[in-house]
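Fold and geometry: a report
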Amino acid sequence: MHRAFWADAVADEIEARDPEEPIVIKGGVSPSGVPHIGHLNEVMRGYFVAEALRDRGREVRQVFTSDDRDPLRGVPRTLATLDWAVVSLGETENPGALGRNLGKPLTNVPDPFGCCDSFGDHQTRLLGKMAEAMDVPIEVVSNTDLYERGEFEGVTRELLEKRDLAREVLSAYQEKVDEEYVPFNPICADCGKITEAVTGIDLDAGTVDYVCADIEAGNRTIEGCGHEGTATLREGKLPWRFEWPAQWKVLGVDFEPFGKDHAEGSWPSGEHIARAVLDFEPPVPMVYEWFTYNGDALSSSKGNVITVDEVLSMLEVEVFRYFFTKPPKRARDFDVRTLDQLVDEFDRFEAIYFGEVEGTDQERAIAERAYPMTVDAVRPERVRLPYTFAAVLGMTDDEGLREAMARRAGHIPEDASERAVENALARVERARTWAERTDNEYNYRLAEDLPDVEVDGATAAALDALADEVEAGLEEGEDVQTAIYEAARDEGVEVGDLFATGYRLFLDEEQGPRLGPFLASLEREFVVERLRRES
Ligand SMILES: [Zn+2]
Ligand SMILES: [Zn+2]
């Protein structure tokens, strides 16, 4: 059956397998840098599938694994505090905490901020906060917890028993897999690093012997301490290629979305390992395309990141949720400069849902399904200020004036409830933050007192003529714009000079947004008096 909304098509695929309830949907991240909006794919893609299934009466559990037993492989340049301030490592309380502990599980590395039990714990908490900010109910699962509680013990034992088979399957995907390869990496009891050289396996005792040898990690060598020791199956971790299928098995995962990198790497081997080595059917997969941020790849190490907290200072949560309703297989850019377009799209999507805007059949079908999943409650009575208009209102801090301007411009209906008005005006602060952050054409402040402006006779006459026109009832922004041109022409003033004087009078700046629509949005009496240089 054709489904308009991609999440319904995925839900069909899951249901076709006749899964046991609760249906388990997973996402996951190795939490080493600043959690950013790219990581939200791991939460939001699963969320819409979960909602589609819940809507069909299914019980769903959405889990999110923090792969916090992963070794610290490098020192991130920037980190986020629990309040989402992105800071450089040097600004933390304990900057040496990371560099001194390379190669150790993230949960055994001290928290540079000193606020959590470990660096891994700090990072995991941020991931949880990220989902919370998006209002998505997920269970954050710490991988280290799963190991420590023995949840992985059975599957680890199984992999060690079948290590020849495991090695054979993986060697088709990874070159470094040789005769010595063992699918378990113990933690060195002496230096705390994750080791790779297993020298003996005793499954009766449930232990492995190891030597803490040097490890090649990317283009660097993490030195081992040379210690020879014995570890239990809880004191180590599975290599990622095995850990991922082990998570599916232990958590009973029915569906997992993942990025393109995994699609070419650990998914094909993981799926093969699940079937051939661990004897179970892997989850329904879904590959999503990474989106870029302002045209470049999101990268914690290159500093090209934006946190969910920053996004939600500019967008209502339902608008940002809407961003993730778009088809996952198409590459797209999250461009802060054009956030107004995203908001306009959302407003249209919402209006289509309520039947206020026509829309195509396809648009209607998607809005019908996806819109209720983007909002906390479907409320027909609501008011949305166009985002760029909200940015204009953000030029004043005077809340009364903001509301008066919105009413005057016809964006707030007479009979709108207090709650709807309040919600509508909440967009102003967000649009204000956007204008400041991008320093765009809305990043101006309304001059609330008359600036000190010198005008010559002809300019004064043009301003007075414009004031008369406005006073006589000009309402539309384009009409005011035309009147400015006419006043300049009639009085023999350079039109550019008249605009500059206008910006000086209203913004105390040389330039600003399109003057006509801007003046039309302001209170008429205020505009008239200001044009006459009276107050
Ligand atoms: Zn912390
Ligand atoms: Zn060691």
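Residues numbered from 1 in each chain as written. Chains lettered and ligands numbered in written order. Predicted model: local features only at pLDDT ≥ 70, side-chain atom pairs only at ≥ 80, totals over all residues.

By the naming in an unreviewed UniProt entry, the protein chain goes by Lysine--tRNA ligase and is assigned to Halomarina halobia. UniProt's Subcellular location (unreviewed entry) comment on the protein chain is quoted here verbatim: "Cytoplasm". Here the protein chain is described in UniProt, under the heading Sequence similarities (unreviewed entry), as follows: "Belongs to the class-I aminoacyl-tRNA synthetase family." (UniProt positions renumbered as here; feature names shortened; annotations may be inferred.)

Let us now look at the sheet that holds strand 7 (residues 197-202). Spatially, the three strands line up as an open sheet ordered 7-8-11, and their pairing is antiparallel. The open sheet terminates on both sides in strands that have one partner only, identified here as strand 7 and strand 11 (228-232). When strand polarity is set aside, the average angle formed by the axes of neighbouring strands in this sheet is 25 degrees. Looking at chain direction, strand 8 (residues 207-211) and strand 11 are connected through five bridges and run antiparallel. Bridge pairing in strand 11 places Tyr 210 opposite Gly 229. (Pairing = 2+ DSSP bridges. Helix = DSSP H or I, 4+ residues; strand = E, 2+ residues; numbered from the N terminus. Axes fitted to C-alpha atoms, helices over the stretch in contact; angles between N-to-C directions.)

With that out of the way, let us pick up the sheet that holds strand 15 (residues 292-293). Strand order in the open sheet made by the three strands is 16-15-17, with mixed pairing throughout. Of all strands in the sheet, those with a lone pairing partner are strand 16 (296-297) and strand 17 (333-334), marking the two edges. Two strands pair when backbone bridges link them, and strand 15 and strand 16 are joined in this way by two bridges, in the antiparallel orientation. Across the sheet, Tyr 293 pairs through a bridge with Asp 296, a residue of strand 16.

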